[in-house]
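Breakdown of the fold
So you can see what is in the structure, the chains are spelled out below.
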Amino acid sequence: MEQPSEDKRALLAGCEAAGGESGGSFSLPGQVKLLGRLLGRVIQELRGPRVYEQVEELRLLCKRAVIEQRPDLRQRVQQRIAELDCQEIVEVLQAYTVFFHLINKVEQMAIGQGDRHQLPDSEGQAPCRESIDEAIATFKARGVGLDRVLTLLTKLDIQPTLTAHPTEARRRSILYKQKRVAALLAELRRGENGPAQQEPLLAELAGEIGLLLATDDIRLVRPTVEDEVESGLYFVRNAIWQTVPRIYQDLRDALQRHYGECPAALPTFLRFRSWIGSDRDGNPKVTAAVSRHTWLYQRRVALRLYLEELRQLRRELSLSGRQQPPAALLASIEADAAELPLAADRQRRYRYEPYRLKISYLMERLKQLAAAVEDGSFPGCGDTYGAAGLQADLQLLADSLREQGFSRLVSHGRLGRMLLQARSFGLHLVALDFRQHSRVHEEGVACLLRLAGVCDDYGALREEQRLALLERELANPRPLLPRNRELVPEVEELLATFRLLAEIQRHDPDALGAYIISMTHAASDLLEVLLLAKESGLWERRDGEVVSALDLVPLLETIEDLDEAGALLQRILENKVYRDHLAARANFQEVMLGYSDSNKDGGYWMANWALHRAQKELGVVSREHGVELRLFHGRGGTVGRGGGRANQAILALPEEVHNGRIRFTEQGEVITFRYAFSEIAQRHLEQIVNAMLRTTAVGDGPLGAEPATGAGGAAPPTGASDPAETPVSAVAENQLMARIAATGMEAYRGLVHDPDFWAWYTKITPIEQISRLPIASRPVSRSAGEVDLDGLRAIPWVFAWIQTRYIVPGWFGTGAALQAALAEPGGREYLRRLYQQRPFFQMVVDNARREMSRVRLEIAAEYDAQAELPSTFHRRIEADFTAAVDALTQITGEAELLARNPAVQRSIRLRNPYTDVVNLLQVELLRRYRDSGGEEREALREALFLSVNGIAAAMQSTG
């Protein structure tokens, strides 16, 4: 079985048996067998016995090849595949892809079910590892007082950010059918029905599997940006909407359990943001009009959600007015009646039910807001009643209930959940970030300066000259753009975007996130955006003081920019104009770090080290200047794009940035996995909160002594006499990590910058098909014309490597880098101590181990062979892999990779034979595609699309 995704491993932390035999006869393996049997029956019914026999023959041959270690059996598989025509290959691919869709959903369900069973249900039972309950229990055990815990909570600022990065290969139709399969399995699992009742459920399950088999797995039409917005909001209005209040409830329960009390209102520390519909970097289809549609559509969805919640709340709160309702509630209803019309039947029906009457007025306000959005009169109406008014009305209901003795209805009921939702989602649902490339800003500013007669060639100026000019213009109140001057479309669209930002800020400021500047290289990149903001009324000097409504976020993406991160922030914060801007933004600065492009640029080890070093430097510089820093981690789903266990990554951050603030991207397939089920969303978010509480507590100052046996079952630290506990010198660590990173980058760049590499890569991988795969609105390259290594985006770059089972971005260079370090005097002992003592080094090593466990060089060799190119690339990759395995086992003390993770090992070995079949089918298709033309080539391209989706399903990751 292919290794579970990084998210699965995170969610299963401490609960390795989740979804195992707890379900009795309906265990995880039992469900997989059931689905396999049903799929086999459906294949025979819909495709015929011949296809079923082909599927089974290839599966059994690959299984024997793995178990008996017989390459000749794999060769027989290749021979059998070569005998199939294109349509037969398509039918076999469809069968395997459906199988992976089914078992992936079963595993996902098992995680959610298993983890919930780990929560404490009796006094003395240890909390689930990495839960909120565990963090609070640890604080209590270490003598941390409730006041300090509450202070820590006020410092938390956690903002997951949804993006439309194209890493979700599945159509929404497939996702819906997977969800239906999960619901039917859940009903069967409950076991409440006898055999007579289960038979219809099994028949319905078989029907859903048949629909999966008959549904196109690949999109025939590339999605629009509006489609992507709808897809993202599906998760917001379902699992995310339901889960956010549960996180606060978990925290409330933990405080009550361990401290015996909990305040009535907890700080709001968890909010979501989105780029979907507003990220215009490299995507010309994201226009100001599209972003405006996104903003208003999110508002419509939010209003619908609140109205449905209020309908349910009105049904519940049937309290009679004969029981002396609070005066404040009655006064509010009287004020509403004077201001709002309410249907006579409502007034009559709820005359003696004040809570229902108040809720009816509240619903009427929201209906008016919704109608204003629909008829186009918004903005304007939002100025009279907004998120603050909604929260105030809900709080009035809550206070009134408490006054009448119904506190439990608030703390554990729908009203309490609604209050949390109102504070977390407002009327905007998720704040929109806007992102654009620094080059676009430079070109726009150059055009405006030229039209205003200020500077004919801004692009030719040196950085010092640019800064001086920008500072003068920011001090000048007159606009740059002359009246009635026509602009080139690109500049007009840029200014239209800034006018939209101003519109959102005026009427719905909570809906406006930050403005992110891709490829930030200099301080002028930020002042250019301030000048554009000034031109649109978002920034001005008023009585000598700056008034600014926009947070600017520099995005550092290349190794060179990460190396200069501290120096760049220093230059930015030393600029007088920008410091005036920050003063208007409460001295708050966010910096985004790009994990994907840095890996593609410098390889695995250099990217990780450059990011870690940059974070430390940014933390130091911001503290020196008295600026509150928040790091924004642009992490993808795979290790090659910064993926991995999110909570482990947080724990590995340098102490200089342990301030309670964090943002991170949730992309494509990661969104689908983490937020498809509310149970999994809850587990993911509680792990994030756990890690943030722990790191913020460390950054806040010394805690009490570690208990002999921690709340999470932690063992006490071993004595200092243990050689492994000899402290690692920070200076020595930095020097060694710099050497490891440099050696790793040298090996990586030696591979990908070889003059023959690009030709080899494009021949052995399905990158051509991936570039044409209609899975997102955004192009695969930032540049127009023919795609090359520099222009190719990181997502398709990683996607193609995963397909071939090399997975180079997640580990390559490890062999060269670590073997060189091991060869140094005392290298082995030092690296073992480093692994045991340093969370950062442990994280990077563990992520490499897990990615390497997914590598399958026997299959990768077949991709190399089909290209029919004389090259040494496969041997070079294989040599580094062998060296890496040897180095990692020496450092971790394991006999083999993941020896301490037997469940994951079993999972890999079980799924591998099935995945091998799909890989070998793809290899054959690539071979035929290279030698084909005309209609045959088009049919092969469609088959290759299906194989790409099949392997993505098998590997549970794309880019």
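Take the sheet that holds strand β9 (residues 628-634) next. Around the barrel, which closes on itself, the eight strands sit in the order β1-β2-β3-β4-β7-β8-β9-β10 with parallel pairing between neighbours. Note: β9 against strand β10 (residues 661-667), two bridges, orientation parallel. In the strand pairing of β10, histidine 633 is matched with phenylalanine 664. Packing of helix α25 (residues 595-602) onto the sheet brings it into contact with β8 (588-594) and β9, and relative to β8 it is tilted by some 45 degrees. Contacting β1 (157-163) and β10, helix α29 (residues 678-700) crosses the sheet at an angle of about 155 degrees to β10.

On inspection of all chains with the given rule, the structure shows 62 salt bridges. Glutamate 316 is paired through a salt bridge with arginine 414; the nearest N and O atoms lie 3.0 Å apart. In this pair, glutamate 316 is assigned in helix α11 (residues 288-316) and arginine 414 in helix α17 (residues 414-425), connecting sequence segments 98 residues apart. Residue classification places arginine 414 among the buried residues on the basis of a relative accessible area of 17%. Where glutamate 590 meets arginine 630, a salt bridge forms, and the shortest distance between an N and an O atom there is 2.5 Å. Residue glutamate 590 is located in strand β8, and its partner arginine 630 is located in strand β9; the two are separated by 40 residues in the primary sequence. When sorted by exposure, glutamate 590 lands in the same class as arginine 630, which is buried. When salt bridges that share partners are traced, they join Asp157, Arg273, Asp433, Glu590, Glu628, Arg630, Arg661 and Arg663 into one network.

Here we take up the packing of helix α26 (residues 604-624) against helix α30 (residues 730-752). Two elements in contact, α26 and α30, have axes separated by 7 Å at closest approach and are oriented at 140 degrees. Two packed elements cross with a definite hand, and for α26 against α30 that hand is left-handed. Contact residues: α26 offers Trp605, Met606 and Trp609, while α30 offers Asn734, Met737, Ala738, Ile740, Ala741, Ala742 and Met745. Partitioning the contact of α26 with α30 into residue classes produces nine nonpolar, one polar and no charged.

Evaluation of the coordinates by the stated rule reveals 27 aromatic pairs. Note on phenylalanine 757 and tryptophan 760: the rings are 6.1 Å apart at their centroids and 50 degrees apart in plane angle, and the pair reads as tilted. Separated by three residues within a single helix, phenylalanine 757 and tryptophan 760 lie in helix α31 (residues 757-764), roughly one turn from each other. As far as the burial class goes, phenylalanine 757 and tryptophan 760 line up, both buried. Taken together, the ring pairs in this structure connect Phe757, Trp758, Trp760, Tyr761, Trp797, Trp801, Tyr806 and Phe873 into an aromatic cluster. The ring of tyrosine 352 has arginine 322 lying over it, and the distance from NZ or CZ to the ring centre is 4.8 Å. Against the face of tyrosine 595 rests arginine 635, its NZ or CZ located 5.8 Å from the ring centre.

Another aspect to go through is the packing of helix α28 (residues 668-675) against α29. Any two packed helices are characterised by the angle at which their axes cross and by the distance between the axes. With their axes 6 Å apart at the nearest point, α28 and α29 run at an angle of 105 degrees to one another. On the basis of their axis angle, the class for α28 and α29 is roughly perpendicular. Note on element contacts: α29 touches α28 through Ile680, Ala681, His684 and Leu685, opposite Phe673, Arg674 and Tyr675. Of the residues assigned to the contact of α28 with α29, the class counts are five nonpolar, one polar and one charged.

Glancing now at the environment of serine 407. Mapped onto the fold, serine 407 is located in helix α16 (residues 407-411). The class for serine 407 is partly exposed, based on a relative accessible area of 35%. Here the alpha-carbon distance between serine 407 and alanine 264, two residues 143 residues apart in the chain, equals 9.5 Å.

Backbone geometry places glutamine 69, a non-glycine residue, at a positive phi of 50 degrees. As for its position among the elements, glutamine 69 is in the loop between α3 (49-67) and α4 (71-82). The exposure class assigned to glutamine 69 is exposed, which follows from its relative accessible area of 69%.

This next bit is on the environment of arginine 793. You can see arginine 793 is positioned in the loop between α32 (767-772) and α33 (794-804). Taking the C-alpha atoms as reference points, arginine 793 and aspartate 597, 196 residues apart in sequence, are found 7.8 Å from one another.

So, on to the pairing of β8. Among the seven residues that make up β8, seven are buried, leaving the element largely enclosed by the rest of the structure. Of the two faces of β8, the one carrying Phe588, Glu590, Met592 and Gly594 and the one carrying Gln589, Val591 and Leu593 are both buried. Where strand β7 (residues 552-556) and β8 come together, two bridges link them in parallel fashion. Within β8, the residue paired with leucine 556 across the bridge is leucine 593. Pairing geometry for β8 and β9, over seven bridges, is parallel. Residue pairing for β9: glutamine 589 is matched across the bridge by leucine 629.

What counts as what
Residues numbered from 1 in each chain as written. Predicted model: local features only at pLDDT ≥ 70, side-chain atom pairs only at ≥ 80, totals over all residues. Heavy atoms only, no water. Pairing = 2+ DSSP bridges. Helix = DSSP H or I, 4+ residues; strand = E, 2+ residues; numbered from the N terminus. Contact = heavy atoms within 4.5 Å. Axes fitted to C-alpha atoms, helices over the stretch in contact; angles between N-to-C directions. Salt bridge = Lys/Arg side-chain N within 4 Å of Asp/Glu carboxyl O. Buried < 20%, exposed > 50% of the residue type's maximum accessible area, 1.4 Å probe, protein only. Left-handed = near helix turned anticlockwise from the far one by under 90°. Nonpolar A, V, L, I, M, F, W, Y, C, P; charged D, E, K, R; others polar. Phe/Tyr/Trp six-rings, centres within 6.5 Å; stacked < 30°, edge-to-face > 60°. Lys NZ or Arg CZ within 6 Å of the ring centre and 35° of its normal. Parallel < 35°, antiparallel > 145°, perpendicular 65-115°, else oblique.

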